[in-house]
Amino acid sequence: MDIPTEPFNLNKLGDMCLAIKDENDVHRCQGYIQDYFYHTFHGIFFYNIDSLQFNVIDEKNIRQYLPDGLVGRYLPASAPEKVKIWKARQWFQNHVFDRYKFVTKLNAPPIDFVKKTINMMGRLKFGDLDSSKYDDCSNQTKKAVEMMLSHLKEVWCSGNEEQYEYVLTWLSCLGRRKVKSALYLQSLEQTGKSLVVEFLKGHVFGKSIVSMTDDIESISKYTQSFEGKILVNINEMPCVSTGQFMQVMNKLKTLITDSTFIARAMYQQGRETENTFNLILTSNNDAIGVSTTNNKRYKMLDVSNARIGDYKYFNSLCKAAMNDSAGRAFFLWLKERYQQYGKYFNADKFPKTLAFKDKINEKLNPLYKFIKFKFIKKGKGLDMALPEIYSRFQKSIYAAESRQEKSKMKVSKELKQIRQIQYTRKDYTMSNGKVTKCYFYKASYKDLFDEFTKQGWIHEVDNIEYDDETDDDSDDETDDGSDETDDDPPPFDSSSESAEPPRELDIAALATAAPHKDDPLSVMFSLGATNI
């Protein structure tokens, strides 16, 4: 058998069946079928030449591939007086085939007939290009690459050099190593955030190993399409119900960080396979919630809205860069970037962006908000027993923000998670005079300020700045446990100081609307930018 180089042709197989005159002709028909259909312990897989992928087939639907009519008649050499009838589908269903195993190896042959394996990972659009160098590309092609790099810096990173350098190295790892963090880009529509992914898919890496989807079930249930990819873009992530949101977030956690995942097609049993892809999440709405427990998984870029409506800019960029010549050069550029920086890339070393601070402070633990506004903002350190902290927190407005009432045990655990807070267990005299053992928590004003700043838990709108002349650990608590100088801020709203107010987007309309024939963006769509 040979690895097929042309798509499966039902008409060709039909003609071969009609031309059957002897057993050798039957074997040729059988060989043609076996070139495309592979039996595994997880079902039958069809090799699709058009997409260079293996698609699982429900055995009940095999009639769609091998319909009635694929029949041949011949006189066997052993009994030439009797006509024998060979039926393709009947043979396929009754014959005992070798079982192939799965591998995921980039640029390896799709089928190994000796080792009996099928490769679920596609090939790079330009292979490895081992001997090629970026410097050998033409000046015009390099200029196109520079335009795309400039777009990455200006739009994806709002011109921030540190974010830009991180993104370039992150992209260089695609197909070379699993990065256990996802890039998250949220902005208004038509900023150009998805144009880069379209470029990577169509012109840099290839359609067979880059996946773009906005189907919520592709994330939560049917993940077969992610197998063997080097990049998965979950595009225009929808706002969903609370139950769906938690399901999606839990699924994203495993897809981002785990070395394996369960690949499952509709109506098929799932199977464990290697996780070879990195994730980019793009959205026009508030699709991802970030907390103190999951923030390391999501690298939130400060996406710029400055290019919205700049049709001349996008026309020029698409005309120059949305082609295979620029894609090949960009591939070489990323390859050389990986050799220099990607091998030892620390994915956790990411700056605290404004987008991250917006997200983390919107969902900040109510106990940490209590410490931020009741201690840090007032220039006070923490030196207090657990019963006192718990009592004051429960009387504050922040306790009401908790989904459920925090127990003393929960408050104690969360305090210990703040690295700058020291704790000891010693005698404590209760209000009734009884002495008991409990935890005492202590941290200076400077240590609290530094830690909250480092974690991104102090936002610009909080108006909290460090005053080195202040470190007041005194307690001005009144008899009822509240602060005399209570100046609690209103609930956090990161848009309150935004230069441009958010627009209300109709996601359903965006998903179905076609570009108007007179819309200048149609020029970009015709050049390959189907979703900028």
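Since this is a predicted model, take the numbers as computed values, not measurements.

Chemist: I tried to follow the overall build of the protein on my own but got confused; where do I start?
Modeler: Scanning the protein for helices and strands turns up 17 helices and 18 strands. Here the protein holds 532 residues, and the buried ones make up 48% of them. In the protein, once contacts between residues fewer than 6 apart in sequence are set aside, the share between residues at least 24 apart is 70%. Of the roughly 27,400 Å² of accessible surface on the protein, 47% is carried by carbon and sulfur atoms.

Chemist: I would appreciate a short explanation of the confidence of the model for the protein in the present structure.
Modeler: Any segment with low pLDDT has predicted coordinates that should not be analysed in fine detail. With 86% of its residues at a pLDDT of 70 or more, the protein has an overall mean of 86. Every residue in residues 477-481 is under pLDDT 50, and counting partners more than four places away or in other chains gives six contacts. Below pLDDT 50 for its whole length, residues 494-531 participates in 48 contacts with residues either more than four positions away or in separate chains.

Chemist: Could you clarify how one ought to interpret helix H14 (residues 408-416) in this entry?
Modeler: Each turn of an α-helix holds 3.6 residues, which means side chains three or four residues apart point in the same direction. Looking only at H14, the buried set comprises Val 411, Ser 412, Glu 414 and Leu 415. Burial along H14 is one-sided: seen end-on, the buried residues are contained in an arc of 170°. Tucked inside the fold, the buried residues of H14 contact helix H12 (366-376), helix H13 (386-395) and strand E18 (435-443).

Chemist: For this particular structure, what's the right way to read the sheet that holds strand E6 (residues 101-103)?
Modeler: Strand pairing in a sheet is mediated by backbone hydrogen bonds. Such pairs are either parallel or antiparallel. Read across the open sheet, the three strands follow the order E6-E8-E7; overall the sheet is mixed. Two strands lie at the open edges of the sheet, namely E6 and strand E7 (111-112), each paired on one side alone.

Chemist: Hey, could you run me through the sheet that holds strand E2 (residues 43-48) in this one?
Modeler: Pairing is antiparallel in the open sheet, where three strands are placed in the order E1-E2-E3. Of all strands in the sheet, those with a lone pairing partner are strand E1 (37-40) and strand E3 (53-57), marking the two edges. Direction aside, the axes of adjacent strands within the sheet are offset by 35° on average.

Chemist: For this particular structure, what's the right way to read the side chain of Ser 412?
Modeler: The topology assignment puts Ser 412 in helix H14. For Ser 412, the side chain forms a polar contact with the side chain of Tyr 441, separated by 2.5 Å. Here Ser 412 is in contact with Leu 386, Tyr 439 and Tyr 441, once residues within four sequence places are set aside.

Chemist: So what exactly am I meant to see when it comes to the environment of Ala 108 here?
Modeler: Structurally, the position occupied by Ala 108 is in the loop between E6 and E7. On the accessibility criterion, Ala 108 (15% relative accessible area) is buried. Measuring from C-alpha to C-alpha, the distance between Ala 108 and Gly 122 comes to 8.0 Å, with 14 residues separating the pair along the chain. The contact partners of Ala 108, leaving out residues within four places of it in the chain, are Asn 119 and Arg 123.

Chemist: Even after reading the chapter, I still don't get the state of the cysteines, so can you show me in this structure?
Modeler: In protein structure, a disulfide is the covalent linkage between the sulfur atoms of two cysteines. According to the stated counting rule, one finds zero disulfides in the structure shown. Here Cys 29 stays unpaired: no disulfide links it, and the sulfur of Cys 17, its closest cysteine neighbor, is 4.2 Å away.

Chemist: Please explain a nonpolar patch on the surface as it appears in this structure.
Modeler: A surface patch of nonpolar side chains, about 270 Å² in accessible area, is lined by Leu 75, Val 83 and Ile 85. With respect to the helices and strands, the residue Leu 75 is situated in the loop between strand E4 (71-74) and strand E5 (84-87).

Chemist: Can you help me understand the packing of aromatic side chains in this one?
Modeler: Per the stated rule, a full pass over the model turns up 37 aromatic pairs. Arranged with centres 6.1 Å apart and planes meeting at 80°, the rings of Phe 205 and Phe 331 form a pair that is edge-to-face. A residue pair is termed long-range when its members are at least 10 positions apart, and Phe 205 in helix H6 (residues 195-205) and Phe 331 in helix H10 (residues 324-340) qualify at 126 residues. Phe 331 carries the same exposure label as Phe 205, and that label is buried. Taken together, a centroid distance of 6.1 Å and an interplanar angle of 40° make the contact between Tyr 423 and Tyr 441 tilted.

Chemist: Explain the pairing of strand E17 (residues 422-429) to me, please; I cannot follow it from the model alone.
Modeler: For a regular strand, side-chain orientation follows a simple rule: the groups alternate between the two sheet faces. Sheet analysis places E17 next to E18, joined by eight bridges and oriented antiparallel. The partner of Gln 422 across the bridge, within E18, is Lys 442.

Chemist: How should I be thinking about unusual backbone geometry in this particular structure?
Modeler: The bulk of non-glycine residues show a negative phi, and the bulk of peptide bonds are trans. Located in the positive-phi region is Leu 52, a residue other than glycine, with phi close to 55°. For Leu 52, the location among the structural elements is in the loop between E2 and E3. Given the relative accessible area of 41%, Leu 52 is considered partly exposed. With phi around 70°, Asn 107 is a residue other than glycine that occupies positive phi space. Here Asn 107 lies in the loop between E6 and E7.

Chemist: Help me out: how do you make sense of the environment of Val 83 in this one?
Modeler: Within the fold, Val 83 resides in the loop between E4 and E5. As for Val 83 and Arg 73, which are separated by ten residues in sequence, their C-alpha atoms are 6.5 Å apart. Setting aside chain neighbours within four positions, we find Val 83 in contact with Arg 73, Tyr 74 and Leu 75.

Chemist: What am I meant to see in the pattern of salt bridges here?
Modeler: Oppositely charged side chains are able to pair whenever their charged atoms sit close together. In this structure the tally under the stated criterion is 19 salt bridges. With a shortest N-O distance of 2.1 Å, Arg 28 and Asp 25 are connected by a salt bridge. You can see Arg 28 and its partner Asp 25 sitting in helix H2 (residues 23-34), three residues apart, about one turn around the helix. Overall, the relative accessible area of 13% leaves Asp 25 in the buried class. A salt bridge links Asp 462 to Lys 372; the shortest N-O distance between them is 2.9 Å. Taken as a pair, Asp 462 in the loop between helix H15 (445-455) and helix H16 (507-512) and Lys 372 in helix H12 lie far apart in primary sequence, 90 residues in all. As far as burial versus exposure is concerned, Asp 462 and Lys 372 are alike and both buried. Each of Arg 63, Asp 68 and Arg 89 takes part in salt bridges that share partners, so that together they form one network.

About the criteria used
Along every chain, residues carry numbers that run from 1 in the direction the sequence is written. Only residues with pLDDT of 70 or above have their local features reported here, since the model is predicted, and side-chain atom pairs are shown and tallied only from 80 upward, although totals for entire chains, interfaces and linings are computed over all residues. Note that water and hydrogens are dropped before the side-chain values are worked out from all heavy atoms of the structure. Put simply, DSSP H or I for four residues or longer makes a helix, DSSP E for two residues or longer makes a strand, and each gets a number counted from the N terminus. Throughout, exposure labels follow a simple rule: accessible area from a 1.4 Å probe, protein chains only, divided by the maximum for the residue type, with under 20% read as buried, over 50% as exposed, and the rest as partly exposed. Contacts are residue-level and defined by heavy atoms, with any inter-residue pair within 4.5 Å sufficient. Note on areas: Shrake-Rupley with a 1.4 Å probe; residue coverage comes only from the protein chains shown. On a range of 0 to 100, pLDDT expresses the predictor's confidence in each residue. It is the directions from the helix axis to the C-beta atoms that the arc portrays. Only strands joined by at least two bridges in the DSSP assignment are considered to pair. Helix axes are fitted only over the stretch in contact, all axes being lines through C-alpha atoms; the angle between N-to-C directions runs from 0 to 180 degrees. Pairs of N or O atoms are called polar contacts if they sit within 3.5 Å, as long as, within protein, a hydrogen donor faces a hydrogen acceptor (for residues adjacent in sequence, only side-chain-to-side-chain pairs). To count as a disulfide, a pair of cysteine sulfur atoms needs to be within 2.5 Å. Candidate patch residues must exceed 30% relative accessible area and have no salt bridge, after which like charges are joined if within 9 Å and Val, Leu, Ile, Met, Phe, Trp or Tyr side chains if within 5 Å. One speaks of a salt bridge when a side-chain nitrogen belonging to Lys or Arg is within 4 Å of a carboxyl oxygen belonging to Asp or Glu. Each Phe, Tyr or Trp ring, with Trp reduced to its six-membered ring, pairs with another whose centre is within 6.5 Å; inter-plane angles below 30 degrees give stacked pairs, above 60 give edge-to-face pairs, and intermediate values give tilted ones.

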